[in-house]
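Chain and residue survey
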Amino acid sequence: MATPKGNVFVKRHHRSIRDREGLLEEHQFIAHLTAVQWDDGLPLVPAVLADADGETAAMDGEWTYEVHRVARGVDLYEQALSWTPFLSSEHAHAAGRAMAKLHRAAMGYEAPARRSGMLVTSFSIFAGDGRNDDPVWRMEAFLGVRPQLRAYAEKRDWRASFDALFLPLYDALSPWLPYLLPLWTHNDFHASNLMWTNGSEDAQVAAIIDFGLADRTNAIHDLATAIERNVVEWLRVSETGAEIVHLDHLEALLAGYEELHQLSYEEARALVAMLPLVHCEFALSETDYFLSVLQDEAKAWLAYEGYFVAHAEWFQSAQGRALMKHMERWAECHERSRMTAFVAPGSEAGR
């Protein structure tokens, strides 16, 4: 949008999805990211603009508005959907480096996790924080503040799928959870949420946009989300014989990330175990949105059965098992018991 002071990017949300308080949770994180000293002096995150009263979120009737600076770079993936691959391995490598930079910049931001709401990513059901490590109890708490989702999940016998599918996956993740440090993360790190320096196959990331799903999770959760949304072509999963896993992009993404932050053995093993579960809470949030806001049972079924359940089940397929074995071999190459953490920008310690 053109203004007397230059071009800006305006986003409008219905207040049932994002009210002022919900947007401020995102804006405060973005303000932290734009204020830190990035390694090259150029923040990867465009700032949110405030009005004359200092407000970054404006309410007008049933709508909530926010205004951002236009991000630097070229929007190469403007038409790309989530769950579609990078255009090149070089882009995957650049995305991995950008994510590591983002995680380093996020260090020191200590805001609590977001309130429960529509269309948000969180990490609570399978987080296991030592006070109550029972994911069934945590699932019940998650459903307890979402009455329509709870009724729908009970109708679909969520306890049966938990016992048969999700609890074994959680058991594989549980030993590695103590090694994961809380961190505010992007949680929708798809190529379409990145701006690029040019249109070539070896372009670098110029900016990271769309922090609508940002929340306090951990770096491994964010990295697993990036793998799920960029490496596996879920939209082709029903095609007989289709090779939907891009291992070259996986390896490039991880290599780019580890150029700036080398994962420990424990973190690497956590990433493998996290992958089949990382989608769960957003899938449930989408189901709740379709039920509570759109009142669309068909879309709710797709979000619950086709996303929440079927994505986890896919990891038991031939291609899913092959992906997991590939990642397990990658994890075994890492050093044990390092318990590393990100080092804040400007520090002399660390990598």
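So, here's what we can say about the structure. The numbering scheme is per chain: residues are counted from 1 as the chain's sequence reads. For this predicted model, a pLDDT threshold of at least 70 governs which residues receive local features, and a threshold of 80 or more governs which side-chain atom pairs are given and counted, while totals over whole chains, interfaces and linings are taken from all residues. Values reported for side chains reflect all heavy atoms of the structure, with hydrogen atoms and water molecules removed beforehand.

With that out of the way, let us pick up helix α1 (residues 20–35). Spanning 16 residues, α1 covers 22 Å between terminal C-alpha atoms, matching the ideal 22 Å at 1.5 Å per step. A 1.4 Å probe rolled over the protein chains alone gives each residue an accessible area, and that area as a share of the maximum for its type sets the label: buried under 20%, exposed over 50%, partly exposed in between. Working definition: helices are DSSP H or I runs of at least four residues, strands are E runs of at least two. Numbering for both runs from the N terminus. The complete set of buried residues in α1 reads G22, L23, L24, E25, E26, H27, F29, I30, H32 and L33. Packing partners of the buried residues in α1 comprise β2 (6–14), β4 (63–69), α2 (89–106) and β5 (182–185). Here, expected helix span is obtained from the residue count minus one, scaled by 1.5 Å. Every residue pair with non-hydrogen atoms within 4.5 Å of one another is taken to be in contact.

Let's shift gears to the packing of helix α3 (residues 135–144) against helix α4 (residues 147–155). For helices, the fitted line uses only the C-alpha atoms of the stretch in contact; every axis is such a line through C-alpha atoms, and the angle between N-to-C directions lies from 0 to 180 degrees. With their axes 7 Å apart at the nearest point, α3 and α4 run at an angle of 130 degrees to one another. With respect to their mutual orientation, α3 and α4 come out oblique. Contacts from F142, L143 and G144 in α3 reach P147, L149, R150 and A153 in α4. Lys, Arg, Asp and Glu make up the charged group, whereas Ala, Val, Leu, Ile, Met, Phe, Trp, Tyr, Cys and Pro make up the nonpolar group; the residues left over, Gly among them, are polar. Looking at the contact of α3 with α4 residue by residue, the classes come out as five nonpolar, one polar and one charged. Angles are sorted into four bins: roughly parallel if under 35 degrees, roughly antiparallel if over 145, roughly perpendicular if 65 to 115, and oblique for all others.

Once that is clear, we can look at the environment of S88. Mapped onto the elements, S88 comes out in the loop between β4 and α2. Separated by 114 residues in the primary sequence, S88 and D202 place their C-alpha atoms 7.7 Å from one another. For S88, the residues in contact, after removing those within four places along its chain, are Y77, E201 and H249. A distance of 2.7 Å separates a polar side-chain atom of S88 from the backbone oxygen of E201. Any pair of nitrogen or oxygen atoms within 3.5 Å is treated as a polar contact; in protein, a donor-acceptor pairing is required on top of that, and neighbouring residues in sequence qualify only through side-chain atoms on both sides.

Salt bridges are counted wherever a side-chain nitrogen of Lys or Arg sits within 4 Å of a carboxyl oxygen of Asp or Glu. For the coordinates displayed, the defined rule picks out 17 salt bridges. A salt bridge links R229 to D188; the shortest N-O distance between them is 2.5 Å. Taken as a pair, R229 in helix α6 (residues 219–230) and D188 in the loop between β5 and β6 (194–196) lie far apart in primary sequence, 41 residues in all. Accessibility classification places R229 together with D188 in one group, the buried group. Each member of the salt-bridge network shares a partner with another, and the members are R18, D19, E25, E26, R114 and R115.

Put simply, α4 and helix α10 (residues 297–314) touch, their axes get as near as 12 Å, and they point 70 degrees apart. Between α4 and α10, the crossing angle belongs to the class labelled roughly perpendicular. α10 is crossed by α4, and the crossing has right-handed handedness. Counted together, Y152, A153 and K155 of α4 and E297, A300, W301 and Y304 of α10 form the full contact between these two elements. Per-class residue counts for the contact of α4 with α10 are five nonpolar, no polar and two charged. By definition, any crossing whose near helix is turned counterclockwise from its far helix by less than a right angle is left-handed, and any crossing with a clockwise turn is right-handed.

Attention shifts here to the environment of P182. Mapped onto the elements, P182 comes out in strand β5. Residue P182 is classed as partly exposed on the basis of its relative accessible area, which comes to 49%. Separated by 14 residues in the primary sequence, P182 and P168 place their C-alpha atoms 24 Å from one another. Setting aside chain neighbours within four positions, we find P182 in contact with R216 and T217.

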